[in-house]
Amino acid sequence: MALIVQKYGGTSVGDATRIKRVAKRIVETAASGAKVCVVVSAMGDTTDELVELAAKVTDREHEREMDMLLTAGERISMALLSMAIMDLGRDAISFTGSQAGIVTDTAHGKAKIIEVRARRVLEALEQGKIVIVAGFQGVSTEFDVTTLGRGGSDTTAVALAAALDADVCEIYTDVEGVYTADPRLVPGARKLHAVSYEEMLELSASGAKVLMVRSVEYARNYGVLVHVRSSFSGNEGTWVREEDIRMEQAIISGIAHDKSEAKITLVAVPDHPGIAARVFRPLADAGINIDMIVQNASHDGSTDIFFTCPKSDLQRAEPVLEQIREQIGAAGVETDPDIAKISLVGAGMKTHPGVAADMFDALAEAGINIEIISTSSIRISCVVRAGEVEKAVQAIHDKFELSDEAVLREEHPETATGQLKALRVDGSNS
Ligand code: ADP
Ligand code: ASP
Ligand code: MG
């Protein structure tokens, strides 16, 4: 018998009508003979509202209590969904993360799942029940309630799919799948039929919030087949899976953007051995996540160091940075939150030179200045002004003709001459 894990995001269960509609969909899946385990997010903007509420009560960090508060959101939706399913005549039971056996480390607000003890979920499924699990939460090895970080219900779903050995993990959201760019930013973005774990990892890590990055890591590590699709239609969405070597691979799979980081400049840092370690070690010890780093060539024995980190880490980073500045004798620290990172992702860029140059051309033609560049083997990222993000993504999307079905593709090496060809989807050369 098939076992399916389905995850419904906040918009999909945003009000009573939507909860009832989702319940119907779940019951239909169960009626087809599959065992169904459902992971649910908090309704609509509940999590944001709870964060705002806490900010009205306190301006200090209360990590443990914050997790207690935020997990309430998913508790509401799981209970309501379970009731709606039972009203349709199917047996259902809801579990908190802790009851479902989601065991995490003790890092409040960004806990990692270290084990899934799925016995209780499995037993309920065996009894013919539809199981509803609260997403985004778990219980730590110290028996405290934890949350997995924003978007964490995706990770709950994939982790459960791995533990239950599910046939597929369906992520139901408010768009039809994974697109070549955020469809809310680029109306002409195209839905991808399939994307490899590696590419999805880069897209998610670069800001495409349709899947939380850790859920993709989990899916890759455990070989979970993920299907991202809309809860508002019956259409096939996007498959996230192992790269299929028999398929033609698109050179570029998509563009992600991220406005959540800030740029920090350490001005006039003395240029001698050991400085970089003295800058980044204390930041690492303070748990600050550094992303891009650039060090200028030195003039007159001093140099500027730029790097980016999440805006949410800034408050914690500032006193550490001030200490570092004093210790190493830098002239100043500047913080700039008005930046955005644009990333172009595609497995084909490994073998095709010129992709970076085309990306920089697109930005230059749009009159957009690049402040920082970084790359991986399948990604190129540029930092630009936050106000230019929409124009930048659109310009790169146009340059690589990502809206068109007739995209640049490379054939599998066994069948191809190794040449770059512009193929139409019907197979004819364009
Ligand atoms: P959910 O509440 O269902 O988890 P999210 O808001 O977390 O939904 O993620 C879905 C959103 O991700 C979409 O509404 C879309 O704006 C955004 N998004 C960003 N990049 C992409 C992309 N490349 N493809 C699809 N959606 C994207
Ligand atoms: N409700 C949580 C959030 O808003 C988790 C999730 O939706 O995946 O981040
Ligand atoms: Mg999400």
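Residues numbered from 1 in each chain as written. Chains lettered and ligands numbered in written order. Predicted model: local features only at pLDDT ≥ 70, side-chain atom pairs only at ≥ 80, totals over all residues. Heavy atoms only, no water.

**Focus on helix H3 (residues 63-87)**
A rise of 1.5 Å per residue sets the reference length of H3, with its 25 residues, at 36 Å; its end C-alpha atoms lie 37 Å apart and thus fit the reference within 8%. Of the positions making up H3, those classed as buried are Asp67, Leu70, Thr71, Gly73, Glu74, Ser77, Met78, Leu81, Ser82, Ala84 and Ile85. (Helix = DSSP H or I, 4+ residues; strand = E, 2+ residues; numbered from the N terminus. Expected span 1.5 Å × (residues − 1). Buried < 20%, exposed > 50% of the residue type's maximum accessible area, 1.4 Å probe, protein only.)

**Comments concerning the sheet that holds strand E19 (residues 339-345)**
Strand order in the open sheet made by the four strands is E14-E19-E21-E20, with antiparallel pairing throughout. Whereas interior strands pair on both sides, the edge strands pair on one side only; in this sheet they are strand E14 (254-258) and strand E20 (372-376). Strand-to-strand twist of the sheet, defined as the mean angle between neighbouring strand axes without regard to direction, takes the value 20°. Where E19 meets strand E21 (residues 379-385), seven bridges bridge the pair, whose relative direction is antiparallel. Residue Leu344 lies in a different strand from E21, and its bridge partner there is Ile380. (Pairing = 2+ DSSP bridges. Axes fitted to C-alpha atoms, helices over the stretch in contact; angles between N-to-C directions.)

**Notes on the nonpolar core**
Judged by nonpolar contacts, the single largest core of 43 residues is most densely connected at Val5, Cys37, Val121, Leu164 and Val226. With five residues, helix H5 (residues 153-163) is the single largest residue contributor to this core. Among residues more than four places away in sequence, those in contact with Leu164 are Leu3, Val5, Cys37, Ala118, Val121, Leu122 and Leu125. Residues Leu344, Met359, Ala392 and Val393 belong to the second largest nonpolar core, which totals 27 residues. (Core = buried A, V, L, I, M, F, W, Y, C linked by side-chain atoms within 4.5 Å. Contact = heavy atoms within 4.5 Å.)

**So, the pattern of salt bridges**
Throughout the structure, instances matching the rule amount to 20 salt bridges. Between Lys35 and Glu126 there is a salt bridge whose closest N-O contact spans 2.9 Å. Remark: Glu126 occurs in helix H4 (residues 119-126) and Lys35 occurs in strand E2 (residues 35-40); sequence separation between them is 91 residues. One connected set of salt bridges, linked through shared partners, spans Lys263, Asp336, Glu371 and Arg385. (Salt bridge = Lys/Arg side-chain N within 4 Å of Asp/Glu carboxyl O.)

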